[in-house]
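In case you want the letters, here they are:
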Amino acid sequence: MPLSDAKIRNLKSKSKPYKVSDFDGLFVLVKVSGSKSWRFKYRIDGKEKLIVFGDYPAVGLSKARELRDAARTNLAAGLDPSELKQEEKLRRAEASGQTFEKIGAAFLAKQRKEGKSKATLDKTAYHLKLANRDFGKKPITAITAPMILRVLRKVEAKGNYETAHRLRARIGSVFRYAVASGLAETDPTYALRDALIRPTRQHRSAITDPTAFGALLREIDVFDGQTTTRIALQLLALLAQRPGELRHAKWSEFDETEKVWAIPAGKMKMRRDHFVPLADQAIKLLDELRPLTGASE
């Protein structure tokens, strides 16, 4: 017997959810909480499927029947109502700008505001570029773990196993940002933690034996490659800074009068200015380097 508004209003909750049919596959599911949800059951390609139209009374009886009739019309044309609903949802998400590319750009902007180093920002931008090639234009809610894995496999195929792991982590950061912003529900990269080839890491421990360390310094002194490389190696031994900090050092950072190298906060991992004392040997090396690179920054 077809439903009526009066009958729907009088449906009471029970200890278990139960359904009350209208006709032509439409029914109301009464939940334990007492809320009532419109559902439409249908078959397509020999499979039984279900589509949700919304809760009563927000979706009234006449509207539910209208949605049911539209779904049956699509079925008659060989179209799956559930797939059509999902496609429409994705179109709305794309139209509202909730794509991976745009959310990734917002995440990168957040990192800039947080004062992340240029190296970190450049790496984030590079990884996002790799991801955007495949699914940047897709709504973030439409991106699945298999889609992400296909992108990671392309990087793996080139033997770049470490990059693949870092790319997975970066994509995951964007998804977690989207979850926190209410734009996504889950981070699909979590399921890919064990799907990638683990890179073989070769740990190079520090030389702590004085004799071996002395031998290394003597080898550096007679290095016959580029003079700038030899001086850089000698300065690393004296100053004990990260190679990147030395490679990107500018002449303006060195004060030979005060004997100090002032590394600006923007280059430091801890985002604080860092001051390195310059021994006489370091100043002598800088004096040797100046005729080679002193005309530039």
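Residues numbered from 1 in each chain as written. Predicted model: local features only at pLDDT ≥ 70, side-chain atom pairs only at ≥ 80, totals over all residues. Heavy atoms only, no water.

A. Quick peek at the environment of R271. The residue R271 is located in the loop between β6 (260-263) and β7 (274-277) in this model. Residues R271 and Y190 lie 81 residues apart in sequence; the distance between their C-alpha atoms is 30 Å. Contact partners of R271, with chain neighbours within four places excluded, come to G115, K116, S117, A265 and G266. (Helix = DSSP H or I, 4+ residues; strand = E, 2+ residues; numbered from the N terminus. Contact = heavy atoms within 4.5 Å.)

B. Representation of a nonpolar patch on the surface. Side chains of I207, F213 and L216 sit close together on the surface and give an oily, nonpolar patch of about 240 Å² of accessible area. Within the secondary structure layout, L216 lies in helix α8 (residues 210-221). For L216, a relative accessible area of 36% corresponds to the partly exposed category. (Patch = residues over 30% accessible without salt bridge, like charges linked within 9 Å, V, L, I, M, F, W, Y side chains within 5 Å. Areas by Shrake-Rupley, 256 points an atom, 1.4 Å probe, with all protein chains shown as cover. Salt bridge = Lys/Arg side-chain N within 4 Å of Asp/Glu carboxyl O. Buried < 20%, exposed > 50% of the residue type's maximum accessible area, 1.4 Å probe, protein only.)

C. Up close: the pattern of salt bridges. Taken as a whole and assessed by the stated rule, the structure comprises 19 salt bridges. Note that R43 and E48 form a salt bridge whose closest N and O atoms lie 3.9 Å from each other. Exposure remark for R43: the relative accessible area of 54% places this residue in the exposed category. On the accessibility criterion, E48 (52% relative accessible area) is exposed. R290 is the salt-bridge partner of E256, the closest N and O atoms lying 2.7 Å from each other. Of this pair, E256 sits in the loop between β5 (254-255) and β6 while R290 is found in helix α11 (residues 280-293), placing the two residues 34 residues apart along the sequence. Owing to a relative accessible area of 35%, R290 belongs among the partly exposed residues under this scheme. Taken together, the shared-partner salt bridges in this structure form one network comprising D22, R65, R68 and D69.

D. Quick look at the side chain of Q111. Relative to the helices and strands, Q111 resides in helix α4 (residues 100-113). A relative accessible area of 7% means that Q111 is categorised as buried. Once residues within four sequence positions are removed from consideration, Q111 is found in contact with K116, T120, L121, T124 and R170.

E. Expanded view of the packing of aromatic side chains. Under the defined criterion, the tally for this structure stands at 8 aromatic pairs. Aromatic side chains F254 and W261 sit 5.0 Å apart centroid to centroid with 15° between the ring planes, which places their arrangement in the stacked category. Counting every residue linked through ring pairs, the aromatic cluster contains F40, Y42 and F53. When the ring centre of F27 is taken as reference, the NZ or CZ atom of K19 above it lies at 5.0 Å. Note that R68 overlies the ring of F23, its terminal NZ or CZ placed 4.4 Å from the centroid. (Phe/Tyr/Trp six-rings, centres within 6.5 Å; stacked < 30°, edge-to-face > 60°. Lys NZ or Arg CZ within 6 Å of the ring centre and 35° of its normal.)

F. Examining the packing of helix α5 (residues 118-135) against helix α6 (residues 145-157) more closely. At a minimum axis distance of 10 Å, the contact between α5 and α6 shows a crossing angle of 125°. By the angle class used here, α5 and α6 are oblique. Crossing geometry of α5 relative to α6 is assigned as right-handed. Where α5 approaches α6, its residues L130, A131, D134 and F135 are matched on the opposing element by M147, I148, V151 and K154. Classifying every residue of the contact of α5 with α6 by side-chain character gives 6 nonpolar, no polar and 2 charged. (Axes fitted to C-alpha atoms, helices over the stretch in contact; angles between N-to-C directions. Parallel < 35°, antiparallel > 145°, perpendicular 65-115°, else oblique. Left-handed = near helix turned anticlockwise from the far one by under 90°. Nonpolar A, V, L, I, M, F, W, Y, C, P; charged D, E, K, R; others polar.)

Keep in mind these numbers describe shape, not what the thing actually does.
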